[in-house]
Amino acid sequence: GAQPGASWQGCTLHARGAHAEPGPPSPLSARLATDAPVERVVTSGSATITVDYVGFTSQAQAAFQEAVDIWSTHIASTIPIRVRVEFAPLGATTLGSTGPFLSRDFENAPIPQTWYPFPQADALAGEDLFPNPNQDFFYDIVGTFNSNQPAFYFGLDGNPPAGQFDFVTIALHELAHGLGFIGSGLVDDGTGGRECTGVRNIGCWGYFGGNPTGFPLVFDRFVENGAGQSFLNQTLFPNPSSQLSTYFRGQDLVLGAPLLQQVFGDAAPLWAPASFVVGSSFSHWDENEFRSTSAALMTPQIARGEVHRDPGDITCAFLADMGWDLGPGCRLLTTDGEASVESSPLVL
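For clarity, every value in this text was computed on a predicted model and none was experimentally measured.

Chemist: How do you make sense of the sheet that holds strand E18 (residues 223-224) when you look at a structure like this?
Modeler: Pairing between sheet strands relies on hydrogen bonds along the backbone, with the strands arranged either parallel or antiparallel. Read from one edge to the other, the open sheet built from three strands follows the order E18-E19-E20, with strand pairing classed as antiparallel. Here the strands that pair on one side only, and so sit at the sheet edges, are E18 and strand E20 (268-269). Where E18 and strand E19 (residues 254-255) come together, two bridges link them in antiparallel fashion. When the bridges of E19 are listed, Glu224 appears paired with Val254.

Right, dumping it as structure tokens:
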């Protein structure tokens, strides 16, 4: 049967200077809501998404819901996707933190021994794998946003005042990580084992909170370096090892997948700077390559005033390569009116 895993933090957005930049992951609040969450169901489009809002003002809820409504027309699933988000005090520069729960080896899983985000696992299995509200894994995506952050703009018009962060854009970005745009490649910062072994500059993958699972995320399956080598090849790159650290900081990582390469024209560069930043490196498109393009939503830096209202063409294409069925929004972005869009599962 399906094997559940821990929540995996795809991205923590920090406010730094003129940008909101992903920074080190912070633990999600484990407590249940003390006040009754507000739930809204979206049935239009190609996916049904339910959201439990905790501590959200009506304006904040409307902004997050705008992002939810956009995603509901860009992906397709017959199984409702459950999201829980809350506002709570976080670090002074932190904007928010979001990630999915993970499952592997469920019925109809395209790739065995591979972690999939819950929303995709349910869609592929054709059933809600963990439907019991009393289970630890009831929600598919969980997130926290900083209740002490004064620079959020909650308007829906895509016109934030100078110096403010467009909350719809931030929510779109974070939900993309929850839907699977997230890898497990890490480089330890030596702070005590939070990432890999606790030894600085040791790289690893498939480690959740310092615990090795032995299995990659589906995102990981498509990552290559400039020489066409997968970091999952443990003959070349033992896990964990200094070789992996060098790999993840090599500034030449790409996602190579069929539809993605058809849309982009080549494998698409990932953000792999020489200094690894947890929550920023590896799980985003390359900032220098894709800034000011249609893919910019999923680069690691979101400037104050930057606005996006769709995932972007190559992000949609890669979701299809991962195994997602695309909704009409993503189909429009990834075709020229003639080409068909179909999922292209990885052949091992």
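Chemist: Sorry, what's going on with empty space enclosed by the protein here?
Modeler: Empty space among the atoms can be located by rolling a probe the size of a water molecule over them. Under the defined criterion, the tally for this structure stands at one cavity of 30 Å³ or more. By volume, the largest cavity amounts to about 50 Å³. Ile49, Val68, Trp71, Ile81, Val83, Ile141, Leu175 and Leu179 are the residues that line the largest cavity. Of all the secondary-structure elements, those providing two or more residues to the lining of the largest cavity are helix H1 (58-72) and strand E7 (81-88).

Chemist: It is not clear to me how the confidence of the model for the protein should be interpreted in this structure. Could you clarify?
Modeler: Summarising the model, the protein shows a mean pLDDT of 83, and 82% of its residues fall at 70 or more. Taken element by element, the predicted model of the protein shows its lowest mean pLDDT in strand E3 (residues 19-23) (38) and its highest in E18 (98). In the model, residues 14-44 has pLDDT below 50 throughout and makes 99 contacts with residues more than four positions away in sequence or in other chains. Taken together, the stretch residues 337-348 has pLDDT below 50 and engages in 23 contacts with residues farther than four places along the chain or on a different chain.

Chemist: Sorry, what's going on with the packing of aromatic side chains here?
Modeler: To describe a pair of aromatic rings, one takes the distance between the centres and the angle between the planes. Evaluation of the coordinates by the stated rule reveals 37 aromatic pairs. With 5.7 Å between their ring centres and 85° between their planes, Tyr247 and Phe248 make a pair best called edge-to-face. No difference in accessibility class separates Tyr247 from Phe248, as the two residues are buried. It is Arg104 that lies over the ring of Trp115; its NZ or CZ is 5.3 Å from the centre.

The rules behind each value
- Residues numbered from 1 in each chain as written.
- Predicted model: local features only at pLDDT ≥ 70, side-chain atom pairs only at ≥ 80, totals over all residues.
- Heavy atoms only, no water.
- Pairing = 2+ DSSP bridges.
- Helix = DSSP H or I, 4+ residues; strand = E, 2+ residues; numbered from the N terminus.
- 1 Å grid on protein atoms, 1.4 Å probe; cavity = no way out; pocket = protein on both sides within 12 Å on 5 of 7 lines; lining within 4 Å.
- Points joined across faces, edges and corners; volume = space filled by probe spheres on them.
- pLDDT = per-residue confidence, 0-100.
- Contact = heavy atoms within 4.5 Å.
- Phe/Tyr/Trp six-rings, centres within 6.5 Å; stacked < 30°, edge-to-face > 60°.
- Buried < 20%, exposed > 50% of the residue type's maximum accessible area, 1.4 Å probe, protein only.
- Lys NZ or Arg CZ within 6 Å of the ring centre and 35° of its normal.

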